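Next come the chains, spelled out residue by residue.
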Amino acid sequence: VQLVESGGGLVQAGGSLRLSCAASGSIFRLNAMGWYRQAPGKQRELVAAVTSGGSTNYADSVKGRFTISRDNAKNTVYLQMNSLKPEDTAVYYCHTEYGSGSDSWGQGTQVTVSS
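Draft legend 1. Region of interest: the packing of aromatic side chains. Evaluated as defined, the whole model comprises one aromatic pair. On the numbers, 4.9 Å between centres and 65° between planes, the contact of Tyr 36 with Trp 105 is edge-to-face. Of this pair, Tyr 36 sits in strand 4 (residues 30-38) while Trp 105 is found in strand 10 (residues 102-105), placing the two residues 69 residues apart along the sequence. The positively charged end of Arg 44 is found above the aromatic ring belonging to Tyr 93, 3.7 Å away from the centroid. Here the basic side chain of Arg 44 rests over the ring of Trp 105, its NZ or CZ set 4.6 Å away from the ring centre.

In structure tokens form, the structure reads like this:
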């Protein structure tokens, strides 16, 4: 399974961005899909995840500002990011679990929030 992200960029604080991640390849079943981020000098952290059934969870730092969603027909997951803050600046990675215990990562997309 290959993941291709899009939608990153530079935005001012308070602005919005929408990330997309499309899965392709030998897809039988995509399980949980999610977004992680890694800022310079920091560990990669979970931002948000959504199960195949639509259940979601979020990092405390983004609750109320970010919304994750998925389109199972398109094998695509989205991350709507509102009220962005400079501390949201990071490389955002898409991740999916599929089949029986396999997973895949996207190449990452840079999000930069200026103050």
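On we go.
Draft legend 2. Structural detail: the state of the cysteines. Per the counting criterion, the structure on display carries one disulfide. Paired by a disulfide, Cys 21 and Cys 94 hold their sulfur atoms 2.1 Å apart. Negative torsions about the S-S bond denote left-handed disulfides, and the value of about -85° found for Cys 21 with Cys 94 makes this one left-handed. Residue Cys 21 is located in strand 3 (residues 17-24), and its partner Cys 94 is located in strand 9 (residues 90-98); the two are separated by 73 residues in the primary sequence. When sorted by exposure, Cys 21 lands in the same class as Cys 94, which is buried.

Draft legend 3. A look at the side chain of Thr 96. Looking at where Thr 96 falls in the secondary structure, it is placed in strand 9. Look at Thr 96 and you get buried, because its relative accessible area is 0%. In this structure, Thr 96 is in contact with Val 1, Leu 3, Leu 30, Ala 32, Met 33, Ser 102, Asp 103 and Ser 104, ignoring residues within four places of it in sequence.

Draft legend 4. Representation of the pairing of strand 10. With four bridges connecting them, strand 9 and strand 10 associate as antiparallel partners. Bridging across to strand 10, Thr 96 finds its partner in Ser 104. Count of turn residues in the strand 9/strand 10 antiparallel hairpin: three residues, of which Gly 99 carries a positive phi of about 60°.

Draft legend 5. Spatial organisation of the environment of Thr 89. The residue Thr 89 is located in the loop between strand 8 (76-81) and strand 9 in this model. Taking the relative accessible area as the measure of exposure, Thr 89 reaches 22% and is therefore partly exposed. Distance from Thr 89 to Ser 115, taken between C-alpha atoms, is 11 Å for residues 26 residues apart in sequence. Discounting chain neighbours no more than four positions away, the residues touching Thr 89 are Ala 39, Gln 110, Val 111, Thr 112 and Val 113. Within the structure, the side chain of Thr 89 is placed 2.9 Å from the backbone oxygen of Pro 86, a separation counted as a polar contact.

Draft legend 6. Up close: the pattern of salt bridges. Tallied over the entire structure, the rule returns four salt bridges. Residue Lys 63 is joined to Asp 60 by a salt bridge in which the shortest nitrogen-to-oxygen separation is 3.1 Å. Of the two residues, Lys 63 and Asp 60, both sit in the exposed class. A network of salt bridges, in which partner residues are shared, links Arg 37, Glu 45, Arg 65 and Asp 88.

Parameters at a glance
Residues numbered from 1 in each chain as written. Predicted model: local features only at pLDDT ≥ 70, side-chain atom pairs only at ≥ 80, totals over all residues. Heavy atoms only, no water. Phe/Tyr/Trp six-rings, centres within 6.5 Å; stacked < 30°, edge-to-face > 60°. Helix = DSSP H or I, 4+ residues; strand = E, 2+ residues; numbered from the N terminus. Lys NZ or Arg CZ within 6 Å of the ring centre and 35° of its normal. Disulfide = S-S within 2.5 Å. Buried < 20%, exposed > 50% of the residue type's maximum accessible area, 1.4 Å probe, protein only. Contact = heavy atoms within 4.5 Å. Pairing = 2+ DSSP bridges. Polar contact = N/O pair within 3.5 Å; in protein donor to acceptor, adjacent residues only side chain to side chain. Salt bridge = Lys/Arg side-chain N within 4 Å of Asp/Glu carboxyl O.

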